[in-house]
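Descriptive analysis of the structure
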Amino acid sequence: MALDFNQLAQQFTEFYYNQFDSDRTQLGNLYRDESMLTFETSQVQGAKDIVEKLVSLPFQRVAHRITTLDAQPASSNGDVLVMITGDLLIDEEQNPQRFSQVFHLIPDGNSYYVFNDIFRLNYAA
């Protein structure tokens, strides 16, 4: 059965942001020791360090609203690139912050893990 990379990207994105918004501590299963996160200018590698970084972010509550989601197959091995843009509602802030995020998903048995995760806030010029 051929991989429907768009469906995979949609399912992954919904799961990831629902988990992030409800309990960031539970995101570790999506990463491996070789995974890397670039969050703004900070880079960390390994599932444990990535989760520590995400948990240490300076807000209590967050809600992601997805604006765009694009996906492409990244190789003949079944990995997929996913790019998301959207809005972040943080704590009691009324004005959302714009963000972009890219995931490189790698097949792992019947599942996928995040090999690369790049996150940026988009500021007005």
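Owing to the predicted nature of the structure, the values given are computational and were not obtained by experimental measurement.

**Quick word on the sheet that holds strand 1 (residues 31-39)**
Strand order in the open sheet formed by 6 strands is 2-1-6-5-4-3, with mixed pairing between adjacent strands. Two strands bound the open sheet, and with one partner strand each, they are strand 2 (42-45) and strand 3 (62-73). Shown here is a sheet whose adjacent strand axes are inclined to one another by a mean of 15°, direction ignored. With 11 bridges joining them, strand 5 (residues 97-108) and strand 6 (residues 111-122) adopt antiparallel strand pairing. Within the sheet, the bridge partner assigned to histidine 104 lies in strand 6 and is asparagine 116. The sheet contacts of helix 2 (residues 47-55) involve strand 1 and strand 2, and relative to strand 1 the element is tilted by about 35°.

**Some details on the environment of glutamine 43**
Note on placement: glutamine 43 falls in strand 2. Of the residues examined, glutamine 43 reaches a relative accessible area of 53% and is grouped as exposed. Not counting the four nearest positions on each side in its chain, glutamine 43 is found in contact with Met36, Leu37 and Thr38. A polar side-chain atom of glutamine 43 sits 3.1 Å from a polar atom in the side chain of threonine 38.

Parameters and conventions
Residues numbered from 1 in each chain as written. Predicted model: local features only at pLDDT ≥ 70, side-chain atom pairs only at ≥ 80, totals over all residues. Heavy atoms only, no water. Pairing = 2+ DSSP bridges. Helix = DSSP H or I, 4+ residues; strand = E, 2+ residues; numbered from the N terminus. Axes fitted to C-alpha atoms, helices over the stretch in contact; angles between N-to-C directions. Contact = heavy atoms within 4.5 Å. Buried < 20%, exposed > 50% of the residue type's maximum accessible area, 1.4 Å probe, protein only. Polar contact = N/O pair within 3.5 Å; in protein donor to acceptor, adjacent residues only side chain to side chain.

Everything listed is a geometric property; what it means functionally is a separate question.
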